[in-house]
Number of protein chains: 2
Amino acid sequence: MTKDRVNDQVLEENQVAGNGLLDRRLFLKKGLQFGAITTLATSTTLATAKSETPKTEINPADLPWMKTPGEPFSIYGMPSKHEDDVVRYPSPNQVVPGNGVSWTPLHKMEGTITPNGLHYERHHNGVPQIDPKKHRLLIHGLVKNDLTFSIDDLLRYPMQSKICFIECGGNSNAGWNKLPAQAEAGYFNGMVSCSEWTGVPLSVLLDEVGLRKKAKWIIAEGADAFAMQMSIPIEKALDDAFLALYQNGERIRPENGYPLRLIVPGWEGVLNVKWLRRLKVTNRPVMARNETSKYTELQASGKARIFTFPIEAKSLITSPSAHMLLKEKGLYQITGLAWSGRGKVSKVEVSADAGKTWAEAELQEPVLDRSLTRFRLPWHWNGKQSVIMSRVTDETGYEQPERNKLVKERGRKGFFHYNAITRWQVDTDGFVSHVYEKDETQKDNSDISIDSDWD
Amino acid sequence: MTKDRVNDQVLEENQVAGNGLLDRRLFLKKGLQFGAITTLATSTTLATAKSETPKTEINPADLPWMKTPGEPFSIYGMPSKHEDDVVRYPSPNQVVPGNGVSWTPLHKMEGTITPNGLHYERHHNGVPQIDPKKHRLLIHGLVKNDLTFSIDDLLRYPMQSKICFIECGGNSNAGWNKLPAQAEAGYFNGMVSCSEWTGVPLSVLLDEVGLRKKAKWIIAEGADAFAMQMSIPIEKALDDAFLALYQNGERIRPENGYPLRLIVPGWEGVLNVKWLRRLKVTNRPVMARNETSKYTELQASGKARIFTFPIEAKSLITSPSAHMLLKEKGLYQITGLAWSGRGKVSKVEVSADAGKTWAEAELQEPVLDRSLTRFRLPWHWNGKQSVIMSRVTDETGYEQPERNKLVKERGRKGFFHYNAITRWQVDTDGFVSHVYEKDETQKDNSDISIDSDWD
């Protein structure tokens, strides 16, 4: 059996859209001879000139790790040294020290949970090293009783947990550029991560301080040297916001807000204020720098969008994706992530023929509210140039737009909230690159310089 | 407002079981004056002699981390240095080098996901350092085509993800001892952890090799120096077993099976063979050491239980738990974990009066099949000696037994599959310790020596 022997009839019978997209339930069917489609493994009984893998069982005596005892127990584990390329990609601002981002390597990951070491970072003046014993949260302003909470106080309250994504409003903003960014998928879209956050419902603490009638907004402030301030409508604060102490089972790490982070599910990352030290209840927003001159969007009309809180639905194929190399034609998994700040993902469609035909992808269960949702579809690549793309629809009925449509609606100076469909082109040599729609007619050819804008 | 001012009437109205157990929906109710029950925070407007927390907002100039820029970006994050006591607790076998366990610190964690650095370890001859490029999986035996898979081959197959627990069959075995173990909750019950595992369904690969008619068992073998072998019935292999490559989004770490681990959801940890190198399809079990002289249970009758695959339903209060100190009477969260190898958790009941009365705890949503399930209940501790305990019922209707019942059924030589209710006693000084039922009448007073048995 060689790796390129494929049963064309079985392939044909299971194709659900153009250019080799296969039934998402294909690998759930029992009794099908998968070998007819896959044949990725190497037969150990038939000699093949092509094979480089051993044709019989490897003798344990030939494996160094089976000949001697392994490494001892460790109090805190780390990834294998063979995975030392699976890291965040820091992109510090060259002009403003302590400012910038680091990207989650989405293209090297699977499933939906982001391990804590790889959650993306966005700081405005570095990561403060806070002593939790000295940290306090003050709630004051339009309340009946000002209250101060220590971390030990907060740890005694009944908690809630929620698996949800956090995405920076500026994620994927290279998409506004004239030419397609050629970074790996995660290093251009990886300012989104997903964790199980655990903490105290904000509504409980607001009930405890007692809101006054004029209370309309809450100003959240961080304990970093930037003293980040953000305004949040009181309705959201009372609905599902919470004060997280834990991320994926352990206490939040310093770069993600240790010891306390405000979580506002589905809303822009910047609102999920890290190192939270103060909540001031007010009757109007504070109009801080990051809700006026930044995190607002200049439109083609000359007016700017402001307080664009929810993250629009978005999806992205993470594999195959930019800079990957498909070594041979045959079976591949097309997989990626979809999410919406307005609720659950309803469906993800995939095309392998540049949008001519679409097939519905399998969604990893359970599909959770405001969480990253993994989608997967088997694909038989025939070795020809192909453009693959994904499109999400969320439970409100909103459908992810093509780039031309998004640019037509919003212009190209917006910088934030880029959520268009991403197209990956697989060339005949198997190399994958990022492309735009071909018939695009942009008048404004200027590029946004991303680095200088992350301040 | 002082911390011990509590509205007795509000407390009384919301009590749902004896000794201060409060309605699990208490903190979900809108409009209730939580301050009447909680008052954990310190008022900033009323001076109180007791308070050690600041009475007004802290001046940022007094916080060192707000005066200077923080730490730079990092490619892979780590927990705060202030959390350096949240670690696995290694318990290496003193006689057999490279053998033993390390425990997950459940008592210092929240939510349901175990971060990868804290997943428990169980090794028989250390952690092999495997080069993934040289690793192969062989599937042979009663099959039509022997096949060998490289890791790159496996990475091309359509994958599935499942959040599920893995528990060692020997977890909590100090429970068989005559006297209650006084280790922290995680260091006596923490050979259970929960991750999102992602990989290739075993059924797909078994279809590809083609099972012969006499195929009844699969012998899974690890690539460690111990060459662990375990027998798994073919029905389970075809049902929901899968070959995991990823754990919580990133590739599995060395101590948990890098680069390939067999996952058999809900079954004993030892069957989830790490460093998987071979699957031999046979017509009978291999009767290896770890399914005959170990991981079997001597009964009172003199007969032994063998092939006790599924993990029985179990629950445990992780906070308050052994060695914790409640500093004052008042509101606390009672929280813990429940799980079942036979499906979903249906309910968890909590008692604060040594089992006289019970109240149903809130379960963290979504409750997932064969996963750790977090439960929570608010409790007002009145400062008197109290025994708190939890009891799970799973979707099969099975109810977690009291210790006396379990010992009566199974004797005390079983060593494995201890899943009795755990009782924590809170003394008047707030110190928490582990106790057994008082009217216990054990004839056999000999203790099991745990360390010497972990080989």
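Each remark here, short or long, concerns the structure printed above.
For clarity, every value in this text was computed on a predicted model and none was experimentally measured.

Cut-offs applied
Residue positions are given per chain, counting from 1 as you read along its sequence in written order. Here the convention is simple: chains get letters from A, ligands get numbers from 1, in the order in which they are written. Since the coordinates come from a predicted model, pLDDT governs what is reported: local features require at least 70, and pairs of side-chain atoms require 80 or more to be given and counted, while whole-chain, interface and lining totals use all residues. Every helix listed is a DSSP run of H or I at least four residues long, and every strand listed is a run of E at least two residues long, numbered separately from the N terminus. Once C-beta atoms are placed from the backbone, each residue is buried if 20 or more other C-beta atoms lie within 10 Å of its own, exposed if 12 or fewer, and partly exposed for counts between those two. Residue pairs are scored as contacts if the distance between their C-beta atoms, which are placed from the backbone, is within 7 Å. By this definition, two strands are paired if DSSP reports at least two bridges between them. Axis lines are fitted through C-alpha atoms, for helices just across the contact stretch, and the angle between N-to-C directions can take any value from 0 to 180 degrees. To obtain the arc, one takes the directions from the helix axis to the C-beta atoms. One nonpolar core equals one set of buried Ala, Val, Leu, Ile, Met, Phe, Trp, Tyr and Cys residues connected by C-beta atoms within 7 Å. Domain delimitation in this document rests on an assignment produced automatically or drawn from a domain database. For the least-squares superposition of copies, only C-alpha atoms count, and only for residues with pLDDT at least 70 in both.

(A) Seen up close, the overall build of chain A. On a plain count of helices and strands, chain A comes out with eight helices and 27 strands. Counting over 455 residues, chain A shows a buried share of 54%. Residue pairs at least 24 apart in sequence account for 72% of intrachain contacts in chain A once pairs closer than 6 positions are excluded.

(B) The sheet that holds strand β5 (residues 100-103) of chain A, seen in detail. All names here are of chain A. As summarised here, the arrangement of the three strands in space is β4-β5-β6, forming an open sheet in which the pairing is antiparallel. Of all strands in the sheet, those bounded by a partner on one side alone are β4 (89-92) and β6 (121-123). Averaged over neighbouring strand pairs, the angle between their axes works out to 10° when direction is ignored. Relative to β6, β5 runs antiparallel, the two sharing three bridges. Opposite G100, over in β6, you have H123 as the bridge partner.

(C) Local environment of helix α7 (residues 403-410) of chain B. Residue and element names in this part refer to chain B. What α7 keeps buried is the set R403, L406, V407 and R410. When α7 is viewed along its axis, its buried side chains cluster within an angular range of 95° and face the same direction. Positive backbone phi, at 75°, marks G411, one or two positions downstream of α7.

(D) Broad picture of the pairing of strand β5 (residues 100-103) of chain B. All names here are of chain B. Burial along β5 is two-sided: the face carrying G100 and S102 and the face carrying V101 and W103 are both buried. Sheet analysis places strand β4 (residues 89-92) next to β5, joined by four bridges and oriented antiparallel. By the bridge assignment for β5, Y89 is matched with W103.

(E) Representation of the nonpolar core in the model. In terms of nonpolar packing, the biggest core is built from 220 residues, with L243 of chain A together with L243 of chain B touching the most fellow members. Residue assignment places this core across two domains, with domain 1 (116-305) and domain 2 (314-453) of chain B each supplying three or more. Those residues in contact with L243 of chain B, other than ones at most four positions away along the chain, are L154, G199, V200, L202, L260, L262 and L276 of chain B.

(F) Just the relation of the copies chain B and chain A, in detail. In screw terms, the move from chain B to chain A is a rotation of 180° and a rise of 0.0 Å along the axis, fitting with an RMSD of 0.0 Å. In symmetry terms, the pair is related by a two-fold rotation axis. Considering only C-alpha atoms, the part of chain B nearest the rotation axis is P115 of chain B, at 3.5 Å. When you check the interface residues of chain B against chain A, 100% turn up at the interface there too, and the contact is symmetric in its surfaces.

(G) Region of the structure containing the pairing of strand β8 (residues 147-150) of chain B. Residues and elements named next belong to chain B. Burial of β8 is two-sided: the residues L147 and F149 facing one way and the residues T148 and S150 facing the other way are all buried. Here four bridges tie strand β7 (residues 136-141) to β8, and the two strands are oriented antiparallel to one another. Residue pairing for β8: I139 is matched across the bridge by L147. If you look at the hairpin formed by β7 and β8, you'll find five residues sitting between the two strands.

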